[in-house]
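# Coordinates in review
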Amino acid sequence: MGHLLQAIEELRETWRSHGSALFVVRGDPWECVPALAAQLGVRQVHTAPCLAFDERRENEMTERALAAAGVKLLVHDETTMIAVDDLPFAIDHLPEVFSNFRRLVEKSCRVRALLAVPALASLAEGLRAEAEASSNATMATADLMEAREAVVITDPRASFTVHGGRSHGLARMQRWFWETDCIARYKQTRDGLVGADFSSRLSSWLALGTLSPREVAAEIRRYEAERVANDSTYWLFFELLWRDYFHFWVRRWQGRAFKASGVLGRTPCGAQDREAFLRWCEGRTGEPFIDASMRELAATGQLSNRARQNVASWLARSEGIDWRWGAAWFESQLIDFDVGPNWGNWQYVAGVGNDPRNRIFDVRAQAQRYDEDGAYRARWGAATGA
Ligand SMILES: Cc1cc2nc3c(=O)[nH]c(=O)nc-3n(C[C@H](O)[C@H](O)[C@H](O)COP(=O)(O)OP(=O)(O)OC[C@H]3O[C@@H](n4cnc5c(N)ncnc54)[C@H](O)[C@@H]3O)c2cc1C
């Protein structure tokens, strides 16, 4: 929430600098949006889609409420790298296995150019003042002020600090691509646990929508043309295809994305052991690699992909606890929470989703391999499980 507020503040500033203003309102979209449309006398509302189960219903209700007032809702879909309309199959036929999806998409799809940034009309003075006053009041409510303060990470063990504003996402891309050339080494570093640069760290801006996956793809192509094209530059594109896959997956499976038996209809372990679950959440399992990871997540809202896989496998497979509890905990903690990637990866690791290999992680072997010198466990005070 705090990162979203940072993004909104930056957007307000950008609009102000164009002589316009942003109305920040809170409430159910099917009530707030038509009310604002009526207040401003607009005939069209433009939006981006989120087509997971709840969001889809909300969009439909908003569209109906707007239509009743004679206002048209126009949806611009730039949330995935590959446009849904370009897929070589209907969404109901999304391949069950990622590698089949990737092969089909790589053979026949290209990434579309970014949508043009719409020109901002300047607002009349009175309307600008109204927008400023009502948005200031919204942003000043106690819970939002608290959420904004909560994103300031003071923990010295944190490797990376995120600010939700778009300019910070662009700066991160500039640094990780062009100033440090980290992208050219990504395939070798991506399983890292400590440090800011082993992976791109772009997920939180992508999840908020302040960066588009299409602009990251365009930057990869530019880097490949101007510097180097190698396995690592390709791998970033490959990971963005995983992101696309899970976005399409949640559109495809709707409510099944959140069912214990998953999209495969398997019987999961599903134990409802509250005490064991709390030990996992708080980093008190006694398994040092798991505890270090869960403490990092609680302190920073961030976690590497390697650690996410391990803690998820530990909870759902080794401890046999309902994987949905873990997914919900991640949803409440991650600053890059994104419905498809989160719930899809959880199903995948829990063995009820789309992993054809159905693996269970040996967390001790993983710790030995990826945290050989114990630096990560020591950093999070879990070298002895303390
Ligand atoms: C249990 C579990 C839950 C997860 N929950 C989320 C989530 O809520 N939001 C989220 O964005 N990612 C999630 N991931 C995927 C992945 O861990 C993060 O995207 C990645 O760690 C973010 O760091 P980065 O931006 O440095 O990634 P990089 O390694 O630099 O990858 C570049 C981008 O590719 C995408 N990506 C990479 N790996 C995956 C993946 N496995 N699935 C989908 N997209 C991927 C992300 O958009 C990421 O920003 C989850 C993974 C697991 C195992």
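This section reports on the structure supplied with the text. Since we're looking at a predicted model, the values are computed, not measured.

Criteria and thresholds
- Residues numbered from 1 in each chain as written.
- Predicted model: local features only at pLDDT ≥ 70, side-chain atom pairs only at ≥ 80, totals over all residues.
- Heavy atoms only, no water.
- Axes fitted to C-alpha atoms, helices over the stretch in contact; angles between N-to-C directions.
- Helix = DSSP H or I, 4+ residues; strand = E, 2+ residues; numbered from the N terminus.
- Parallel < 35°, antiparallel > 145°, perpendicular 65-115°, else oblique.
- Left-handed = near helix turned anticlockwise from the far one by under 90°.
- Contact = heavy atoms within 4.5 Å.
- Nonpolar A, V, L, I, M, F, W, Y, C, P; charged D, E, K, R; others polar.
- Phe/Tyr/Trp six-rings, centres within 6.5 Å; stacked < 30°, edge-to-face > 60°.
- Buried < 20%, exposed > 50% of the residue type's maximum accessible area, 1.4 Å probe, protein only.
- Lys NZ or Arg CZ within 6 Å of the ring centre and 35° of its normal.
- 1 Å grid on protein atoms, 1.4 Å probe; cavity = no way out; pocket = protein on both sides within 12 Å on 5 of 7 lines; lining within 4 Å.
- Points joined across faces, edges and corners; volume = space filled by probe spheres on them.
- Core = buried A, V, L, I, M, F, W, Y, C linked by side-chain atoms within 4.5 Å.
- Near = heavy atom within 4 Å.
- Polar contact = N/O pair within 3.5 Å; in protein donor to acceptor, adjacent residues only side chain to side chain.
- Areas by Shrake-Rupley, 256 points an atom, 1.4 Å probe, with all protein chains shown as cover.

In this section: the packing of helix α10 (residues 213-226) against helix α11 (residues 231-253). Relative to each other, α10 and α11 sit at 165°, their axes nearing to 10 Å. In terms of orientation, α10 and α11 fall into the roughly antiparallel class. Considering only the axes of α10 and α11, their crossing is left-handed. Across the interface between the two elements, P213, V216, I220, R221, Y223 and E224 from α10 touch T233, Y234, L236, F237, L240 and R243 from α11. Partitioning the contact of α10 with α11 into residue classes produces eight nonpolar, one polar and three charged.

Counting across every chain of the model gives 28 aromatic pairs. Look at W242 and Y348: their rings are 5.6 Å apart centre to centre, the planes differ by 90°, and that puts the pair in the edge-to-face class. Separated by 106 residues along the polypeptide, W242 in helix α11 and Y348 in helix α16 (residues 339-350) bring together distant segments of the chain. For Y348, a relative accessible area of 12% gives the class buried. Here R221 stacks its cationic end above the ring of F237, 4.8 Å away from the centre of that ring.

Moving on, we come to empty space enclosed by the protein. Going through the model one piece at a time under the given rule, you end up with one cavity of 30 Å³ or more. Each pocket or cavity is described by its volume, and for the largest cavity that value is around 30 Å³. A class-by-class count of the residues in the lining of the largest cavity yields two nonpolar, three polar and two charged.

A few words now on the nonpolar core. By size, the foremost hydrophobic cluster in this structure holds 77 residues, and its most contacted members are F101, F177, V216, W249 and W280. Among the elements that take part in this core, α11 stands out by supplying 13 residues, more than any other. Residue contacts for F101: discarding those within four places in its chain leaves L87, F89, L94, P95, L241, D244, Y245 and F248.

What follows is about the site of the ligand. In the vicinity of the ligand, 27 residues are found, and the nearest of them are Y186, S199, S200, R201 and N305. Between the ligand and S199 there is a distance of 2.5 Å, counted from an oxygen atom to a side-chain nitrogen or oxygen. N342 places a side-chain nitrogen or oxygen 3.3 Å from a nitrogen atom of the ligand. Protein contacts shield 96% of the accessible area of the ligand, which totals 820 Å² for the unbound molecule. Those elements giving two or more residues to the shell around the ligand turn out to be α9 (203-208), α11, α14 (305-318) and α16. Sorting elements by how many residues they give to the shell around the ligand places α11 first, with six residues. Here the shell around the ligand is built from residues that sort into 14 nonpolar, seven polar and six charged.

None of this, on its own, says anything about what the molecule does.
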